[in-house]
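Overview (structure and organization)
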Amino acid sequence: AAAFDTAGFVAVEMPGGVPRNTVLVLAPPNCPSEQAQRTEVLVRDLTRAGIPVKRDSGFDFDVANPTAEQIERIDRTVAVFKRGAPAVFVNGLGMSNPTAEQTIAAYRVAR
């Protein structure tokens, strides 16, 4: 429980290639599912709020010789991703299927 902040995001290891202060939204591409529709709404709402968004369907890590703490954060990143789309990551925080309001709050807190 200590890993979670008040918005429901968990401390994670950020996937590689995501610039600081950019929200990474992971979801299957070109999918008509309910998850994909929620993803579209989230991306639209974040863009309208002026928050930089990077969309993708997968991730990797730029970590060589990870520490025990990094391994724990990597495990949490994978767990967030496995919970379902959209998986959202911002400045070391991650959550599965957050609202736009939760994501904006996490973005502002983590800046």
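Here's what I pulled together on the structure shown here. Being a predicted model, the structure only gives us computed values, none of them experimental. Every chain is numbered on its own, with residues counted from 1 as its sequence reads. The model is predicted, so local features are restricted to residues of pLDDT at least 70 and side-chain atom pairs to those at 80 or more, both for listing and for counting; the totals for chains, interfaces and linings are taken over all residues. The basis for every side-chain value is the complete set of non-hydrogen atoms in the structure, without hydrogens or water.

**Here's the deal with the sheet that holds strand E5 (residues 93–96)**
Formally: A pair of strands counts as paired when DSSP detects no fewer than two bridges linking them. Helical segments are the DSSP runs of H or I of at least four residues, strand segments are the runs of E of at least two, and each set is numbered from the N terminus. By definition, residues are in contact when any of their heavy atoms lie within 4.5 Å. Lines are fitted to the C-alpha atoms to define the axes, a helix being fitted only along its stretch in contact, and any angle between axes, read from their N-to-C directions, falls within 0 to 180 degrees.
Ordered in space as E1-E5-E4-E2-E3, the five strands form an open sheet in which the pairing is mixed. This sheet does not close on itself; its edge strands, each paired only once, are strand E1 (10–11) and strand E3 (53–56). Direction of pairing for strand E4 (residues 87–90) relative to E5: antiparallel, over a ladder of four bridges. Paired with Phe89 across the bridge in E5 is Gly94. In this fold helix H1 (residues 34–48) packs onto strand E2 (23–26), E3 and E4, with an angle of close to 160° to the strand it touches most, E3. Each of E1, E2, E4 and E5 touches helix H2 (residues 68–83); the most contacted strand, E4, lies at about 145° to it.

**Some words on helix H3 (residues 100–109)**
The test is simple: Accessible area is worked out with a 1.4 Å probe on protein chains only. A residue is then buried under 20% of its type maximum, exposed over 50%, and partly exposed in between. Each direction from the helix axis to a C-beta atom contributes to the arc, which is the arc of those directions.
Listing the buried residues of H3 in full gives Ala100, Thr103, Ile104, Ala106 and Tyr107. Looking straight down H3, one finds its buried side chains confined to an arc of 160°; they lie on one side. Exposed side chains of H3 directed beyond 90 degrees from the buried face belong to Glu101, Arg108 and Val109. Where H3 is buried, its residues contact E2, H1, E4 and E5.

**Considerations on the pattern of salt bridges**
Should the charged atoms of two oppositely charged side chains come close, the side chains can pair. Formally: By definition here, a salt bridge exists when the distance from a side-chain nitrogen of Lys or Arg to a carboxyl oxygen of Asp or Glu is within 4 Å.
Within this structure, the stated rule accounts for five salt bridges. One salt bridge connects Arg38 with Glu34, and the closest N-O pair in it is separated by 3.0 Å. With a gap of four residues between them, Arg38 and Glu34 both fall in helix H1, about one helical turn apart. With relative accessibility at 28%, the residue Arg38 sits in the partly exposed group. Among the residues examined, Glu34 registers a relative accessible area of 57% and is labelled exposed.

**A look at the pairing of E3**
So the rule is basically this: Orient the strands so they point away from the viewer, and a crossover whose first-strand-to-second-strand path over the helix runs clockwise is right-handed.
Sheet analysis places E2 next to E3, joined by four bridges and oriented parallel. From the neighbouring strand, Leu24 faces E3, where its bridge partner is Lys54. Traced from E2 through H1 to E3, the parallel crossover comes out right-handed.

**Topic: the environment of Glu40**
Tracing the sequence through the fold places Glu40 in helix H1. Given a relative accessible area of 42%, Glu40 falls into the partly exposed group. A sequence separation of 46 residues divides Glu40 from Pro86, and the C-alpha atoms of the two residues are 9.2 Å apart.

**Some words on the environment of Asp60**
Topologically, Asp60 is positioned in the loop between E3 and H2. By relative accessible area, which is 48% here, Asp60 ends up partly exposed. C-alpha of Asp60 to C-alpha of Tyr107: the two residues are 47 residues apart in sequence and 21 Å apart in space. For Asp60, the residues in contact, after removing those within four places along its chain, are Pro15 and Gly16.

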